[in-house]
Amino acid sequence: MTESPYNSTVIGKILLTPDLLVLRLSTDEPRKQFKAGQYTTIGLLSQEQRSPNSVMPLESMASDILIKRPYSIASANYDTTEFEFYISQVKSGQLTPRLFNLSLGRRMWIDDKILGVFTLDNVPDNCNIVMIATGTGLAPYMSFLRSHLASHLNTKLAVIHGAGYPWDLGYFSELTLIQNTFKNFFYFPTLLRADQNWTGLTGYIEKHLEDEILPNKAGIEIDPSKTHFFLCGNPKMVESVSAYLNKHNYIKHCKDNQGSLHIEEY
Ligand SMILES: Cc1cc2nc3c(=O)[nH]c(=O)nc-3n(C[C@H](O)[C@H](O)[C@H](O)COP(=O)(O)OP(=O)(O)OC[C@H]3O[C@@H](n4cnc5c(N)ncnc54)[C@H](O)[C@@H]3O)c2cc1C
């Protein structure tokens, strides 16, 4: 019999909607210290059952393959044995329908490597931080806030989160609580498919930026020397928000270029 590759246990599973999941894993061995905003890879064997609301992918798989995909860590960076992920189900995907079918206590695989440069490392202490996400692109920002909020009290922080319906706004309660507790934190959820019961923002993130929501509602200047932007999620949002920021002299941060615009695409 071959040895199981599994090295962690599901200790939390919250289905926010049939296609949106907060998953918590406990690793058998602690991981190395990591930075908020980084990602790791998780996996399940192909013989695991798929969720009842998924659809069969076009490509079938042999039964003993370990299906692995990268996910941003949503939990704080001081916990190296329990990890939280915010995951949306791709119904015809290989891994996510199997993740959605897991129950508490089930075993699974998690990499021992934690990687990525989408971190706060290159943000000077005196700069504001604007975190823009669509859907599960919010995950790295939950790690930023859970790890570093207490050490960023003298600058402004804002989260702009785009989603479809109100129930797609994962972490709404936690972000609202932070906004009510910290006067330097601003939370702007905006919905594309809200009905009249929703009294908050509607429409695309780009529209709110063009309408100057950040200077007007949070006193945050769109200036690369004063405010760093993080973008995570849908490539179309990343493209159009990048175009808006480029007009304000922002350049994308990379290894050879110290820009104030940080991007992670899923
Ligand atoms: C650095 C990094 C971090 C990531 N972090 C997260 C995270 O925190 N939460 C999260 O939910 N995802 C995250 N992802 C995406 C994740 O790795 C998987 O790609 C995704 O969950 C789909 O996996 P799957 O095996 O179910 O689908 P696959 O079998 O890989 O894909 C099946 C089909 O669906 C398409 N597809 C793939 N992804 C999507 C999608 N998101 N929406 C619509 N169609 C899609 C593919 O093109 C393919 O045709 C991250 C990706 C990267 C690169």
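Model, not experiment: these values are computed from the prediction.

Colleague: Would you mind showing me how to read the overall build of the protein chain here?
Modeller: Looking only at helices and strands, the protein chain features six helices and 12 strands. A globule of 266 residues ought to have a C-alpha radius of gyration of about 18 Å, and the protein chain, at 19 Å, matches this closely. Viewed in the frame of its principal axes, the protein chain has a C-alpha envelope of about 60 × 45 × 35 Å. The 266 residues of the protein chain split such that 36% are buried.

Colleague: What is the right way to look at the domain arrangement of the protein chain in this model?
Modeller: One widely used convention gives an interface's size as the accessible area the parts lose upon coming together. Annotation of the protein chain at the domain level lists domain 1 (8-115) and domain 2 (128-265). A separation of 25 Å is found between the C-alpha centroids of domain 1 and domain 2. Counting residues at the interface gives 17 residues for domain 1 and 14 residues for domain 2. Listed by contribution, the elements that provide at least two residues to the side of domain 1 that touches domain 2 are β1 (8-17), β2 (20-27) and β5 (82-88). Within the side of domain 1 that touches domain 2, the residues separate by chemical class into 11 nonpolar, six polar and no charged.

Colleague: Can you help me understand the pairing of strand β11 (residues 227-233) in this one?
Modeller: Along any regular strand, the residues point their side chains to alternate faces of the sheet. Judged by how many residues are buried, β11 sits mostly within the fold: seven of seven residues are covered. Sheet analysis places β11 next to strand β12 (residues 261-265), joined by five bridges and oriented parallel. Bridge pairing links L231 to I263 in β12.

Colleague: How do you make sense of the environment of L99 when you look at a structure like this?
Modeller: Along the chain, the position of L99 falls in helix α1 (residues 96-100). For L99, a count of 25 C-beta atoms within 10 Å corresponds to the buried category. Sequence separation of L99 and K13 is 86 residues, and the distance between their C-alpha atoms is 9.7 Å. In contact with L99, not counting residues within four places along its chain, are L21, L23, L44 and I87.

Colleague: Help me out: how do you make sense of the site of the ligand in this one?
Modeller: Contacts to the ligand come from 18 residues, most closely from G93, Q94, L95, T96 and T136. For the shell around the ligand, the secondary-structure elements that each account for two or more residues are β4 (66-72) and β5. Here the residues of the shell around the ligand are counted per class, giving 10 nonpolar, seven polar and one charged.

Colleague: Explain the sheet that holds strand β8 (residues 157-163) here, please?
Modeller: Paired through backbone hydrogen bonds, the strands of a sheet run either parallel or antiparallel to each other. Taken together, the six strands give an open sheet; going across it, the order is β10-β9-β8-β7-β11-β12, and neighbouring strands pair in parallel fashion. Sheet topology places β10 (201-202) and β12 at the edges, where each strand pairs with a single neighbour. Across six bridges, the pairing between strand β7 (residues 128-134) and β11 is parallel. By the bridge assignment for β11, V130 is matched with F229. The strands that helix α6 (residues 235-247) touches are β7, β8, β11 and β12; relative to β11, the one it contacts most, it runs at about 160 degrees.

Colleague: What is the right way to read the nonpolar core from this model?
Modeller: Within soluble globular proteins, side chains that are nonpolar tend to cluster in buried spots. One finds F85, M131, I132 and A158 to be the most contacted residues of the largest nonpolar core, which totals 57 residues. Two domains each put at least three residues into this core: domain 1 (8-115) and domain 2 (128-265). The residues contacting I132, other than those within four sequence positions of it, are I160, I205, F229, F230, L231 and V241.

Colleague: Help me understand the sheet that holds strand β6 (residues 107-115) in this model?
Modeller: Taken in spatial order, the six strands line up as β4-β3-β6-β1-β2-β5 in an open sheet, and their pairing is antiparallel. Of all the strands in the sheet, just β4 and β5 have a single pairing partner and so form its edges. Geometrically, the sheet is characterised by an average inter-axis angle of 35 degrees between neighbouring strands, direction not taken into account. Relative to β5, β2 runs antiparallel, the two sharing seven bridges. Each residue of the ladder has a partner; that of R24, found in β5, is E84.

Colleague: Can you walk me through α6 in this structure?
Modeller: Compared with an ideal rise of 1.5 Å per residue, which puts 13 residues at 18 Å, α6 spans 18 Å between its outermost C-alpha atoms and is within 8% of the ideal. Looking at α6, one finds that the buried residues are M237, V238, V241 and L245. Buried residues of α6, seen end-on, are gathered within an arc of 95 degrees and therefore sit on one face of the element. Those residues of α6 that are exposed and aimed more than 90 degrees away from the buried face are P235, K236, A243, N246 and K247. Looking at the buried side of α6, the elements it contacts are β7, β8, α4 (205-210), β11 and β12.

About the criteria used
Residues numbered from 1 in each chain as written. Predicted model: local features only at pLDDT ≥ 70, side-chain atom pairs only at ≥ 80, totals over all residues. Helix = DSSP H or I, 4+ residues; strand = E, 2+ residues; numbered from the N terminus. Rg over C-alpha atoms; globule rule 2.2 N^0.38 Å. Buried ≥ 20, exposed ≤ 12 C-beta atoms within 10 Å, placed from the backbone. Domains from an automatic or database assignment. Contact = placed C-beta atoms within 7 Å. Nonpolar A, V, L, I, M, F, W, Y, C, P; charged D, E, K, R; others polar. Pairing = 2+ DSSP bridges. Near = placed C-beta within 6 Å. Axes fitted to C-alpha atoms, helices over the stretch in contact; angles between N-to-C directions. Core = buried A, V, L, I, M, F, W, Y, C linked by C-beta atoms within 7 Å. Expected span 1.5 Å × (residues − 1). Arc of directions from axis to C-beta.

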